[in-house]
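# Survey of secondary and tertiary structure
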Amino acid sequence: MVFSLPAFMAHARELHRLGPPNNDRLSAVRVALSVAVPGLVLILVGRPDLMMYAVFGALTGMYGRNEAHQLRLKHQAQAALVLVGGLTIGTLLSVNHIHSWWLVLVATLFAGAGSLYADAVRLKPIGPFFGILALGACASVPTSVPFLTAVLIGAASAAFSILVGFAGWLRHRRWEPGAARDVPILRGPLRQSALVHAARYILAVSAAGACGVLSGSGHPHWAMAAAAVPLAGADLPSRVHRGIHRIVGTFLGLAVVAVVLFPSPLSPLQYFPGHAAIVLAIVVVLCQFPTELFMARHYGWAMVFFTPVVLLIAQLASPMDPGVLVMERAIETFVGAVIGIAVAVLVRAPAITAPRAAGAGAAGRR
């Protein structure tokens, strides 16, 4: 990064620039449907408090958004391993009442392994962020159903997302023999770069988690997830931009959460007394569509809507004082994102000089 005035102005413009549309509406409809159907089923059976597991499974639909159906099928199955894996580990920690430093240790190991796996199969969205988020969130709320039930809800929701993503094939019924995703093999310089990238995740997540535990907030997973966000950028400027987007987008999203949860004429909870859980579940479903709509075009705007999704499913699973919820989330997000940006700046990967490897590596990061 060159710290001249023109460079600074270019980076400032990049922060609020909306990327070009790229079939965003169709992808947003698929993800919203993947969240809505399992969510509505849980509402109908009277268990909206279990939406956390359904939502994290349904995020499988965010992967492979513009790929051919047969390629998306494999891509989403690979992503489901990260999401359901994180959910499973987090739920296991919850049912065994394992929190604090043990949560930080487990999440850190998961982040490092998840980074290597994400690079190896070239997940997009890049990195293990959603798996880290699922692990921390599920570990930090009491599990009100048997362990296997929670995992099955997440797995079934992930399977439904994969089905939704593949459903368009029924219209075209076209299968390309030998078609494969362009996934470079992690060897030589690419392997070294992937190891450095995994080290970034380990350092950022562990440092953020330690700060979260030492602060006594009780939610170190928020800081750990925020620290992982900047690391998914393709290069240093984009990592810094993602970190800033995370902070600003989360703060704006917290304003939406405050409108929903704080008593006021603007809160929908005031108009449906006795049905707060159902109202929150519906808001979660509604927020998922704009989250995916902006995810590839402007990460900050996506966070404005994704923040209510994450906080409201946590509120459904384990209610807490809304004021404390908003304040702690703001602090943990700021601390975690700053740590993630610092790690991205300080820990650099060696340059990949081989022409073929450089092209593959750059494509993989994008």
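Residues numbered from 1 in each chain as written. Predicted model: local features only at pLDDT ≥ 70, side-chain atom pairs only at ≥ 80, totals over all residues. Heavy atoms only, no water.

### Describing the packing of aromatic side chains
- Under the criterion given, the structure shown has six aromatic pairs.
- Plain terms: the ring middles of F166 and W169 are 5.4 Å apart, the flat faces sit at 15° to each other, and that makes the pair stacked.
- For F166, a relative accessible area of 19% puts it in the buried group.
- Here the aromatic cluster, defined as three or more aromatic residues joined through ring pairs, consists of Y63, F129, F130 and F306.
- A cation over a ring is seen here: R242 above Y299, with NZ or CZ 4.2 Å from the ring centre. (Phe/Tyr/Trp six-rings, centres within 6.5 Å; stacked < 30°, edge-to-face > 60°. Buried < 20%, exposed > 50% of the residue type's maximum accessible area, 1.4 Å probe, protein only. Lys NZ or Arg CZ within 6 Å of the ring centre and 35° of its normal.)

### Observations regarding the environment of Q76
- Inspection of the secondary structure puts Q76 in helix α4 (residues 69–95).
- Overall, the relative accessible area of 1% leaves Q76 in the buried class.
- It is 9.2 Å that separates the C-alpha atoms of Q76 and A159, two residues lying 83 residues apart in sequence.
- In contact with Q76, other than residues within four places in its own chain, are T60, G61, Y63, S161, I162 and G165. (Helix = DSSP H or I, 4+ residues; strand = E, 2+ residues; numbered from the N terminus. Contact = heavy atoms within 4.5 Å.)

### Side note on the nonpolar core
- Within the largest apolar cluster, 92 residues are counted, with the highest numbers of intra-cluster contacts made by M51, M52, F56, F129, F130, L261 and F306.
- With sequence-adjacent residues up to four places away left out, L261 is seen in contact with S267, L269, L280, L312, Q315, P322 and L325. (Core = buried A, V, L, I, M, F, W, Y, C linked by side-chain atoms within 4.5 Å.)

### Brief notes about unusual backbone geometry
- Across the junction of K124 and P125, the peptide omega takes the value 10°, indicating a cis bond.
- Mapped onto the elements of the fold, P125 is located in the loop between α5 (100–121) and α6 (129–139).
- The phi dihedral of H97 is positive, around 55°, even though this residue is not glycine.
- By the secondary structure assignment, H97 is in the loop between α4 and α5.

### Observations regarding the pattern of salt bridges
- Taken as a whole and assessed by the stated rule, the structure comprises five salt bridges.
- One salt bridge connects E67 with R181, and the closest N-O pair in it is separated by 2.9 Å. One end of the pair, E67, is in the loop between α3 (51–58) and α4; the other, R181, is in the loop between α8 (169–172) and α9 (189–215), and 114 residues separate them in sequence.
- Since its relative accessible area comes to 21%, E67 is described here as partly exposed.
- You can call R181 buried: its relative accessible area is 17%. (Salt bridge = Lys/Arg side-chain N within 4 Å of Asp/Glu carboxyl O.)

### Quick notes on α9
- End to end, α9 covers 39 Å across 27 residues, agreeing with the expected 39 Å (1.5 Å per residue, within 8%).
- Downstream of α9 by one or two residues, G216 has phi in the positive range, about 75°. (Expected span 1.5 Å × (residues − 1).)

### With respect to the environment of L26
- Position of L26 relative to the elements: it lies in helix α2 (residues 24–44).
- L26 sits 39 residues away from R65 along the chain, and the two C-alpha atoms are 8.7 Å apart.

### Some details on the environment of S264
- In this structure, S264 sits in the loop between α11 (236–261) and α12 (276–295).
- Residue S264 is classed as partly exposed on the basis of its relative accessible area of 24%.
- Among residues more than four places away in sequence, those in contact with S264 are V259 and Q270.

### Focus: the side chain of E292
- Mapped onto the elements of the fold, E292 is located in helix α12.
- The class for E292 is buried, based on a relative accessible area of 1%.
- Leave out the neighbours within four places in its chain, and E292 touches S27, A28, V31, M62 and R65.

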